[in-house]
Protein chains: 2
Amino acid sequence: MNTSANLVYEQVREMAANFEFKPAERINESELSKKLGASRTPLREAMNRLAAEGLLAFEGGRGFFCQPLNPQLVVHLYELREALEADAIRLATERASDEELAHFQQYLHDIAPRYTDSAPAREIVTLDEEFHLKIANLSGNPELKNMIELTYARIRYVRWISMREKIDITHAAHESIFKPVIARDQGLAVELMRKHIKKSNNEAIETVEKAFSQLYVPRH
Amino acid sequence: MNTSANLVYEQVREMAANFEFKPAERINESELSKKLGASRTPLREAMNRLAAEGLLAFEGGRGFFCQPLNPQLVVHLYELREALEADAIRLATERASDEELAHFQQYLHDIAPRYTDSAPAREIVTLDEEFHLKIANLSGNPELKNMIELTYARIRYVRWISMREKIDITHAAHESIFKPVIARDQGLAVELMRKHIKKSNNEAIETVEKAFSQLYVPRH
DNA sequence: GGACACCATGCTGTATACAATGTTGAGTTA
DNA sequence: TAACTCAACATTGTATACAGCATGGTGTCC
């Protein structure tokens, strides 16, 4: 149902994932609720959900904060992603029907032209997430998929930034990950997925470390 | 801080994990809030967090419900658990210091006497969770640990029931899982952990299926 | 007898008020 | 100048009120 709390939830979720709040910024409830056209009650309900998901931080008596990303947290989230996706592709290789795999291959073929150098980084990240969530869907395990989706939301922002530099290779990588799935080669599928995520992780860490070093440049 | 919403959260979390609500039961907010000595506002905030964690279900316009366990969901949660714990022990084997491992071995030795046939199933489950969460801690990844902890809360109830029949073997299994960790044998540690969880999964599924068959016995 | 409509009741979803706590900044002192 | 005090202010946390929707039961019609 489209309750006000749900609408507010969607909006604030986007805002948090897109880092429209400044890192560690305290979020003013009255102000934000006015901006979103609701009262504080549904806003707080939405923010409680987001805090449980890890997209916002919460401190009793002081309210809600933007959850800042630091290099360590990014490493941890990528490790989580790797654990979840390695098993997702393992299960997908085992369970997906031939028909599902054929559809997937068609999909991969169809979106290829959208991976161009001129595409903005954010769109590439969207396409990349789409690929990975489709794999997660083929695992047939919605709980696994939800966790992966959640983990993506938490690292989306850093991916936007780190994606700027390496657009073209993504689609090729996806194609080579999918090949062993079709061949029902579980071991290779898992291995390639892990490598893919590890590589992406290294780039993301670099991005965050760069941002950190810029942050701490003395100003005077 | 010990805000009322936090206290209510802890209490309702326990109630949900312990299935003190009947499966798929609609939870009456006024009634429950009165019982817990708070108003509906903090109760709803707590339940929003629990719904985000998957411990309660939510339906817009109709409120919060007990999230019922069915055989399929149990399978999915155990798969999630396997994915997370396999990587947790992989990371733990890699990262834990020799000192941490020595402490862990001491801990395993110390709690051995508490695994007796006379111990109630719930205590064995508690000890078992403790073991697995300690491993998760050794991974050095708090995000991974949180997800594991959450997954445990969601399957705790079915484990209480299925544990009744096979108490004695748990501690021995833990010891054999930990051996390759000390030997820094990553492959074997992961393999044993996966097998351990799979076995536990089979028992849990059996429990839920038994419960389901009893539920649907015609009454007249 | 079964299905449907309708009303009374109860419950949820949200706005608002207020108490309690945290925050900020001016003024004071060492 | 730096640190500390304290009071005015801002913000959070919670209770409560109320509108609107869901629910359950009664009566009516087929």
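Cut-off values and rules
Residues numbered from 1 in each chain as written. Chains lettered and ligands numbered in written order. Predicted model: local features only at pLDDT ≥ 70, side-chain atom pairs only at ≥ 80, totals over all residues. Heavy atoms only, no water. Helix = DSSP H or I, 4+ residues; strand = E, 2+ residues; numbered from the N terminus. Buried < 20%, exposed > 50% of the residue type's maximum accessible area, 1.4 Å probe, protein only. Pairing = 2+ DSSP bridges. Contact = heavy atoms within 4.5 Å. Buried area = accessible area lost by both parts, 1.4 Å probe. Salt bridge = Lys/Arg side-chain N within 4 Å of Asp/Glu carboxyl O. 1 Å grid on protein atoms, 1.4 Å probe; cavity = no way out; pocket = protein on both sides within 12 Å on 5 of 7 lines; lining within 4 Å. Points joined across faces, edges and corners; volume = space filled by probe spheres on them. Nonpolar A, V, L, I, M, F, W, Y, C, P; charged D, E, K, R; others polar. Domains from an automatic or database assignment.

### Describing unusual backbone geometry
Residue and element names in this part refer to chain B.
- If you check the backbone angles, alanine 24 has positive phi at about 65° while not being a glycine.
- As for its placement among the helices and strands, alanine 24 is situated in the loop between α1 (4–17) and α2 (29–36).
- By relative accessible area, alanine 24 is classed as partly exposed at 47%.

### Comments concerning the pairing of strand β1 (residues 56–59) of chain B
Residue and element names in this part refer to chain B.
- Sheet topology note: the β1/strand β2 (residues 63–66) ladder contains four bridges and is antiparallel. Within the sheet, the bridge partner assigned to phenylalanine 58 lies in β2 and is phenylalanine 64.
- Connecting the antiparallel pair β1 and β2 is a turn made up of three residues, with glycine 61 showing a positive phi of about 85°.

### Examining the interface of chain A and chain B
- With 30 residues of chain A in contact, the opposing surface of chain B contributes 30 residues.
- Where chain A abuts chain B, roughly 2800 Å² becomes buried across the two surfaces, and 55% of that area is made up of carbon and sulfur atoms.
- Three residues stand out in chain A for area buried against chain B, namely Glu45, Glu143 and Met147 of chain A, and they jointly supply 20% of the buried area on that side.
- Our enumeration of links across chain A and chain B arrives at ten salt bridges.

### Some words on the layout of surface pockets
- Its volume calculated, the largest pocket comes out at about 1400 Å³.
- Looking at the largest pocket, it is lined by 42 residues, and the ones nearest its centre are Ala52, Glu53 and Leu150 of chain A together with Ala52 and Glu53 of chain B.
- A total of seven residues in the lining of the largest pocket trace back to one element, the largest contributor, which is helix α7 (residues 142–163) of chain B.
- Across the lining of the largest pocket, the residue classes tally to 18 nonpolar, eleven polar and 13 charged.

### A few points about the pattern of salt bridges
- A full pass over the atoms with the stated rule returns 38 salt bridges over all chains.
- The salt bridge partner of arginine 44 of chain B is glutamate 45 of chain A, with a shortest N-O separation of 2.7 Å. Linking arginine 44 of chain B in helix α3 (residues 40–53) with glutamate 45 of chain A in helix α3 (residues 40–53), this pair reaches from one chain into another.
- Judged by its relative accessible area of 21%, arginine 44 of chain B is partly exposed.
- The residue arginine 13 of chain B makes a salt bridge to glutamate 149 of chain B at a minimum N-O spacing of 3.4 Å.

### With respect to the domain arrangement of chain A
All names here are of chain A.
- Parsing chain A into structural domains produces domain 1 (4–66) and domain 2 (71–214).
- In this structure, domain 1 and domain 2 have C-alpha centres spaced 28 Å apart.
- In this complex, domain 1 contributes eight residues to the contact, which on the side of domain 2 involves seven residues.
- A buried area of about 700 Å², summed over both sides, lies between domain 1 and domain 2, and 55% of it is on carbon and sulfur atoms.
- Together, Arg13, Ala17 and Asn18 form the three largest contributors to the area buried by domain 1 at its contact with domain 2, with a combined 52%.

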